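Coordinate inspection notes
Spelled out from the first residue to the last, the chains are:
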Amino acid sequence: VRQTATQALADAGAAVLPALAEAAKTGSLERRLRIVDLLGRIYSLGDEASFEPAELALEDIKQDETGSLSEQAAAVLANHY
């Protein structure tokens, strides 16, 4: 079920980015790390409509968060830069 939901969200691209960026601010660490991974998937697609918003969401997480979440966002950005 998670894989199907994750794939559906990744396929939705730019349409779900505002909701994902907001959802990354609250909830369990596992949930938030999964959101960062999902943002990375969307970011790596290179779609014009989703590239910049995904990058901005990841940059915000990298700067505003600490620990694992910030490190994961930084790693996603570094891997796709």
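Check the entry above for the structure.
Remember, predicted model here, so these are calculated numbers, not experimental data.

Turning to the pattern of salt bridges, a few remarks are in order. Scanning all chains against the criterion turns up 4 salt bridges. Its salt-bridge partner being Arg32, residue Glu65 comes within 2.8 Å of it at the nearest N-O pair. In this pair, Glu65 is assigned in the loop between α4 (48-64) and α5 (67-80) and Arg32 in helix α3 (residues 29-44), connecting sequence segments 33 residues apart. Judged by relative accessible area, which is 23%, Glu65 ranks as partly exposed. Its relative accessible area of 12% is what places Arg32 among the buried residues.

In this section: the nonpolar core. With 20 residues, the main nonpolar core has Leu20, Ile35, Val36, Leu39, Ile42, Leu58 and Ile61 as its most contacted residues. Only α2 (17-23), α3, α4 and α5 provide two or more residues apiece to this core. A per-element tally of this core places α3 first, with 6 residues. If we skip the residues at most four places from it in the chain, Ile42 touches Leu9, Ala10, Gly13, Val16, Leu17, Leu20, Ser50 and Ala54.

Turning to the layout of surface pockets, a few remarks are in order. Over the atoms rolls a probe the size of a water molecule, and its path tells where empty space is left. Quantified by volume, the largest pocket comes out at close to 250 Å³. Lining the largest pocket are 13 residues, and of these Thr6, Leu9, Arg34, Ile35 and Leu38 sit closest to its centre. Elements supplying a minimum of two residues to the lining of the largest pocket: α1 (2-12), α2 and α3. Ranked by residue count, the leading element in the lining of the largest pocket is α3, at 6 residues.

Further remarks concern the packing of α3 against α5. Two numbers describe how α3 lies on α5: the axes approach to 10 Å, and their chain directions differ by 10°. Regarding the angle of α3 to α5, the classification is roughly parallel. Here the hand of the crossing between α3 and α5 comes out right-handed. Residues Leu29, Arg32, Leu33, Val36, Gly40, Tyr43 and Ser44 of α3 touch α5, and the partners they reach there are Ser68, Leu69, Gln72, Ala73, Val76, Leu77 and His80. Grouping the amino acids of the contact of α3 with α5 by side-chain chemistry returns 8 nonpolar, 5 polar and 1 charged.

Scoring rules and cut-offs
- Residues numbered from 1 in each chain as written.
- Predicted model: local features only at pLDDT ≥ 70, side-chain atom pairs only at ≥ 80, totals over all residues.
- Heavy atoms only, no water.
- Salt bridge = Lys/Arg side-chain N within 4 Å of Asp/Glu carboxyl O.
- Helix = DSSP H or I, 4+ residues; strand = E, 2+ residues; numbered from the N terminus.
- Buried < 20%, exposed > 50% of the residue type's maximum accessible area, 1.4 Å probe, protein only.
- Core = buried A, V, L, I, M, F, W, Y, C linked by side-chain atoms within 4.5 Å.
- Contact = heavy atoms within 4.5 Å.
- 1 Å grid on protein atoms, 1.4 Å probe; cavity = no way out; pocket = protein on both sides within 12 Å on 5 of 7 lines; lining within 4 Å.
- Points joined across faces, edges and corners; volume = space filled by probe spheres on them.
- Axes fitted to C-alpha atoms, helices over the stretch in contact; angles between N-to-C directions.
- Parallel < 35°, antiparallel > 145°, perpendicular 65-115°, else oblique.
- Left-handed = near helix turned anticlockwise from the far one by under 90°.
- Nonpolar A, V, L, I, M, F, W, Y, C, P; charged D, E, K, R; others polar.

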